[in-house]
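In case you want the letters, here they are:
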Amino acid sequence: EPEVTQTPSHQVTQMGQEVILRCVPISNHLYFYWYRQILGQKVEFLVSFYNNEISEKSEIFDDQFSVERPDGSNFTLKIRSTKLEDSAMYFCAGQAEDPEAFFGQGTRLTVV
Amino acid sequence: AQSVTQPDIHITVSEGASLELRCNYSYGATPYLFWYVQSPGQGLQLLLKYFSGDTLVQGIKGFEAEFKRSQSSFNLRKPSVHWSDAAEYFCAVGLSNFGNEKLTFGTGTRLTIIP
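Residues numbered from 1 in each chain as written. Chains lettered and ligands numbered in written order. Predicted model: local features only at pLDDT ≥ 70, side-chain atom pairs only at ≥ 80, totals over all residues. Heavy atoms only, no water.

Q: Which parts of the structure should I look at to understand the overall build of chain A?
A: Along the backbone of chain A there are zero helices and eleven strands. Walking chain A from its N terminus toward its C terminus, one meets helices and strands in the order β-β-β-β-β-β-β-β-β-β-β. Against the globule reference of 13 Å for 112 residues, chain A gives a C-alpha radius of gyration of 13 Å, in line with a compact fold. Taking the principal axes of the C-alpha coordinates as reference, chain A spans close to 40 × 25 × 25 Å. A sequence separation of at least 24 residues applies to 53% of the contacts in chain A between residues at least 6 apart. For chain A, the exposed area adds up to about 5,700 Å²; of that, 45% sits on carbon and sulfur atoms. (Helix = DSSP H or I, 4+ residues; strand = E, 2+ residues; numbered from the N terminus. Rg over C-alpha atoms; globule rule 2.2 N^0.38 Å. Contact = heavy atoms within 4.5 Å. Areas by Shrake-Rupley, 256 points an atom, 1.4 Å probe, with all protein chains shown as cover.)

This is the structure we're talking about:
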């Protein structure tokens, strides 16, 4: 069964460094999302992406964040200059026409 | 803005006992409703969903949920829990926004199973 895959599973980075989190959605997905979950807290929406542009973004998604789908396959989340408070589990999700999101296994980002 | 409330932070039940996890939402119309399960260190797995139609929906692993419009609730139930059901459970709502189905999650309920 096809699934959403995310790489890496765990990323450790120094504060101020740039990180890129990668996601490969299922091939028929049209809508793409990033969510994050700070340890022990709820899952929060970051951004949605459709037709090669951002559809909606949350207050969390400030200028330090960007998304792109450079090759029609990978969907990436870039954090330009990481802060300690960016440490979290980041989930990618994809969705076809049916309003059901399929989540990846997540990337645990640790900023030190 | 829509919101989701899961009033129980932590629930402990005995193996074989029945389970009900509560979820209430706040939204002007009927949203799409979901329950996800997350095992420690793992991703989010969809248990079941409600879009429309029959208000009692069946999901995977023997779970079911009932949508009650009058109570704005979508409670998750299982008649007999197994030790492997120990996990974090999240209720989520989505809005039909021409395909942009941003989800709003509840704070989760941690389920512990005792022998």
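Q: How should unusual backbone geometry be read in this particular structure?
A: Note on backbone geometry: most residues besides glycine have negative phi, and most peptide bonds are trans. A cis amide bond links Thr7 of chain A with the next residue in sequence, Pro8 of chain A, at an omega value of -10°. Take Pro8 of chain A: it is sitting in the loop between β1 (5-7) and β2 (10-13). At Asn51 of chain A, a residue that is not glycine, the phi angle is positive and equals roughly 55°. Here Asn51 of chain A shows up in the loop between β5 (43-50) and β6 (53-57). By relative accessible area, Asn51 of chain A is classed as exposed at 60%. The backbone phi angle of Ser72 of chain B is positive, close to 50°, even though this residue is not glycine. When you line up the elements, Ser72 of chain B lands in the loop between β8 (64-68) and β9 (73-78). Here Ser72 of chain B falls in the partly exposed class, since its relative accessible area comes to 23%. (Buried < 20%, exposed > 50% of the residue type's maximum accessible area, 1.4 Å probe, protein only.)

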